[in-house]
Amino acid sequence: MKIYLLAITVFFCSLQTFYSQEEDGAITLALPIRNSLTYNQYAVHPAFSFVREQDKYISITNKREWVQFEDAPQTYLVSFSGRFEENIGMGIGLFQQNYGVLTTFGGVLNFAYNIRVQRDSNLTFGLNLGAFKSGINEGRVVTNFPDPTLENIPSSFLLTLNPGINYGTGFLDFGVSLNNLVLHNSSEVIYDKPEKIIQAHMMYTGYMDSSGFFDESKFSGLIKSEFRKDKTVLSGIAMLTVPKGIWAQVGYNNLYGASGGLGLNITKEISIEYNFEKALGDLTDFGPSHEITLAYKFKNNQNFDYAREDEMSALISGEKRRKPVSAASKLKAEENRKLAAEAKAQAKLEAEAKKVAEAEAKKEAEAKAKLAAEAQAKLDAENKAKEEAQAKLEAEARAKEVAEAKAKIAADNKAKAEAKARADAEVQAKIDAQNKAKAEAEALRLAEEAKMRQEAETKARLEAEKLAAETQAKIEAEAKAKADAEKARLAQEEKDRLEAERLAAQEQSRLEAEAKTKMEAEKLAAETQARIEAEAQAKLAAENKAKAEAEAQAKLDAESKAKEAENKAPIANDDIAISMNSIEKLADDSEQRQTELLTKYRQAIANKNQDLKDLKEENDLSDKGIYMEPKPFKSLTEENKALEAIKADLDEAINTRNERIKELEDLYDERVRIATMENDTVNLYYQKSIKRLKAEQLTAIQTRSNLTSNLEDIKEATEFERRRRIKRAAYDNEEDRYRQDRATLSILKQNTSLSSTPLKSEDFDFGEEQGNNIQILKNVKNVDNGYYMIVAVHNDTEKRDEFVKKAIESGRRDIDFFYDVNTSKYYIYYQKFDNIEQANEALKSKGSRPYNAKLSIVKIEN
């Protein structure tokens, strides 16, 4: 009896461990096999692969639950189970469960061992070990919001352990089991799942002694209770098996409803069973469940105890029908059966005596093995201590390597910083050298121009003088126009300044009037106004400076054109000169494209700089307690694409012009090498032209470099200000907004009554279209997780309040809304669900109410 007491003690210690666990909500193993007393019994209780069994089966089961709604749960189970030895029962099953977007696939391994206590008393221990993979079926998830977190959800591989015990007598069985006692994923043990339950049962198995159709029929009844953390589930099922190869069963479960089933032996080996389950109570709307099983029974050549071999007929049988026997024959057969039973009992006693002797020998062998195992365990412990010491030494060595690596990285960063400083100094020195070379080139150019004027023919000189006179007249006219424009500009600036002063005075007066109640706010507002005016003046000065630079540039362009006309390439008929003339025109034409791209690049950077200033102003005012309605974040994707496109076009234009200048220089070198053309006017002209083109290109490259550097600084500062704004929006203003929104909703509900005339859907402004897909919103403050039935989406509070008011007038007094700071939108709803099935069902039954015309589902994931 010691081994029995030990087993019972271990079982109830496991029971205490089960109730001391905590909940974290992971997926657990729960096969919905509950309506049959014929097949897959190891899924009902781990010991039932042995209890009252004589045969082995292969079965294929499909169960569809709650078939009236889409994506109803489905379970597929393939099993091989039954009794294999006098005291051993086993089973193995493969299953797949589909629950909406969740798919679980795995297997169950069952083992049951029986201990015979007395002649008609048996204690059976059973164990189910489940292994399954559970995860999201991404093909069933529909969202219009890219979600990296959803896209990277890993599949979980889990192991579960379900022990059970059963005590059986001649006709009765009692027992308990623990479903999902241990749940282990790939890295840790998960505790206290909703499907962890204690299951207790009582089963009766007997035979009917009557004449006729029901003679020798078997009756089985099972009463079962499942003690869950939040509720208790009671169920019962009764089955009648007729020797003709037909069985029927009925049952009731206070959670899942009533059930009924019918089974039939097609042949001695092949049988089929169908069960129907009708949901009751809260699950009525989900519809019925259907379960069908096809099984094959292996021929049994052994007659085991603790069960009776039932003779079953079949619909198709190869055996001849037996003739009816008389009452005398029956008595004689009964006498023969008794004699056979006595002989069998005697043989069994002899076998038990043999087993006792074998058990004694086995105990001696086990004692020897135990001593050897203890010695091996001691040796293993010593080896483990050595391995732990070695691991500790290796960990210290790795820590030292990590520290050395960090020190090396710090040194490398310092060296990179010094190298960058040296490179910047070299670049500045190079720029200074280029400026000096440019000045020297300009002096050389002037000297060469003087020499060319002396050597040019009289006619060319007269034409140049005439062109110079025309140019001078044009410059004087432009100077006069410039003076007039400057005078008008100064007058406009004076007018703008007076208007700004008048507005400032009005603002100051208003602030002084408000100072009676908010002195500190007035001071902050005055400081803000002063800074805004200073920035306005700075902006005006920058615009004036830019305008002056543009006018100077225009003047330089005019002078450049005059010089180009003066320095027009002399006419030459040789092929090289003709090619040089063509290439020079291409280079000059590409200069205009290059200038336009530089202007666009400069303007795009100026726009980003202005956005940075606006964002900084908003953040600075917020830090001082002055609230401004935040501007929605721009979608930077298109803006950055456009900027990168301009930058790429600019680089291409600069590279193209560099190639033209290089081609022109190569042709010039080729022509200079011709002795007869070494110092002619054409070579002298192109010598100047090449120097001019190089100087222009150097300026363009330097401008591009400066603009790119400014852009990087603006990007860095903008990112800093955006983080400031996000932090402010999340922690400073959200609570104020939430309190204001709650107060507004309360006022609307108190002051709005039902409309005397029915409203139509055309009377409602639903705002932004949401489509049919499920939208996922993350990190929405003051809103619980779940599925919300959204009736309208607005980013304007007036339109939001107008929709809410009309919904209340239509009788929808439970209307509500929440604000998402990430999209700057209000989502108006009146229902929330915890799972997608309920939300989809509500969406289908929205009816014809006018405010439901654009109904959609939004999932909140915080």
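S.K.: Whenever I open this one, the overall build of the protein confuses me. Can you help?
M.R.: Each helix and strand counted, the protein has ten helices and 21 strands in total. Counting the 862 residues in the protein, one finds 32% classified as buried. Within the protein, contacts between residues separated by at least 24 positions form 68% of all contacts whose residues are at least 6 apart in sequence. By element, 56% of the accessible surface of the protein is carried by carbon and sulfur atoms, the whole surface being about 53000 Å².

S.K.: I keep staring at helix 9 (residues 797–809) and nothing clicks. Help me out?
M.R.: Structurally, the α-helix is built with 3.6 residues per turn, so residues lying three or four positions apart point the same way. The terminal C-alpha atoms of helix 9 lie 18 Å apart, and with 13 residues this matches the ideal 18 Å at 1.5 Å per residue to within 8%. Of the residues making up helix 9, those classed as buried are Arg800, Phe803, Val804, Ala807 and Ile808. Viewed along the axis of helix 9, the buried residues span an arc of 135°, placing them on a single side of the element. Its side-chain oxygen 3.1 Å from the backbone nitrogen of Glu798, Asp796 forms the N-cap of helix 9.

S.K.: Where do I start with the pattern of salt bridges in this structure?
M.R.: Pairing is possible between side chains of opposite charge, provided their charged atoms come close. Under the definition given, this model contains 28 salt bridges. Put simply, Glu277 and Arg34 hold a salt bridge, and the shortest N to O gap is 3.0 Å. Pair noted here: Glu277 is in strand 15 (residues 270–278) and Arg34 is in the loop between helix 1 (2–19) and strand 1 (56–64), with a separation of 243 residues, a long-range link. The partner of Arg657 in a salt bridge is Glu696, and the shortest N-O contact between them spans 2.8 Å.

S.K.: Would you mind going over the sheet that holds strand 17 (residues 775–778) with me for this structure?
M.R.: Picture the strands of a sheet paired through backbone hydrogen bonds; they go either parallel or antiparallel. Taken in spatial order, the five strands of this open sheet run 17-21-18-20-19, and their pairing is mixed. Both outer strands of the open sheet, strand 17 and strand 19 (816–820), are each paired with one neighbouring strand and no more. The sheet shows a mean angle of 45° between the axes of neighbouring strands, taken without regard to direction. Pairing analysis gives five bridges linking strand 19 to strand 20 (residues 825–833), with the strands arranged antiparallel. Among the inter-strand pairings, Asp816 is bridged to a residue of strand 20, identified as Tyr829. Each of strand 18 (786–794), strand 20 and strand 21 (856–861) touches helix 10 (residues 836–844); the most contacted strand, strand 18, lies at about 45° to it.

S.K.: How should the packing of aromatic side chains be read in this particular structure?
M.R.: Applying the stated criterion across every chain yields a total of 19 aromatic pairs. Ring plane angle 90° and centroid distance 5.7 Å describe the contact between Phe80 and Phe84, whose orientation is recorded as edge-to-face. You can call Phe80 partly exposed: its relative accessible area is 30%. Take Phe84: its relative accessible area is 22%, and that puts it in the partly exposed class. Ring geometry for Tyr788 against Phe818: centres 5.6 Å apart, planes inclined by 65°, an arrangement best described as edge-to-face. Taken together, the residues Tyr788 in strand 18 and Phe818 in strand 19 connect sequence positions 30 residues apart. Phe818 shares its class with Tyr788; the two are buried. Three or more aromatic residues link up through ring pairs in this structure, and these residues are Phe80, Phe84, Tyr296 and Phe298. Taking the ring centre of Phe84 as reference, the NZ or CZ of Lys56 above it sits at 5.4 Å.

S.K.: Mind showing me how you'd approach a nonpolar patch on the surface here?
M.R.: Residues Ile58, Ile60, Val78, Leu94, Ile270, Ile272, Tyr274, Phe276, Ile292, Leu294 and Tyr296 make up a contiguous nonpolar surface patch of roughly 910 Å² in combined accessible area. Broken down by secondary-structure element, the contributors of at least two residues to the nonpolar patch are strand 1, strand 15 and strand 16 (289–297).

Thresholds applied
Residues numbered from 1 in each chain as written. Predicted model: local features only at pLDDT ≥ 70, side-chain atom pairs only at ≥ 80, totals over all residues. Heavy atoms only, no water. Helix = DSSP H or I, 4+ residues; strand = E, 2+ residues; numbered from the N terminus. Buried < 20%, exposed > 50% of the residue type's maximum accessible area, 1.4 Å probe, protein only. Contact = heavy atoms within 4.5 Å. Areas by Shrake-Rupley, 256 points an atom, 1.4 Å probe, with all protein chains shown as cover. Expected span 1.5 Å × (residues − 1). Arc of directions from axis to C-beta. Polar contact = N/O pair within 3.5 Å; in protein donor to acceptor, adjacent residues only side chain to side chain. Salt bridge = Lys/Arg side-chain N within 4 Å of Asp/Glu carboxyl O. Pairing = 2+ DSSP bridges. Axes fitted to C-alpha atoms, helices over the stretch in contact; angles between N-to-C directions. Phe/Tyr/Trp six-rings, centres within 6.5 Å; stacked < 30°, edge-to-face > 60°. Lys NZ or Arg CZ within 6 Å of the ring centre and 35° of its normal. Patch = residues over 30% accessible without salt bridge, like charges linked within 9 Å, V, L, I, M, F, W, Y side chains within 5 Å.

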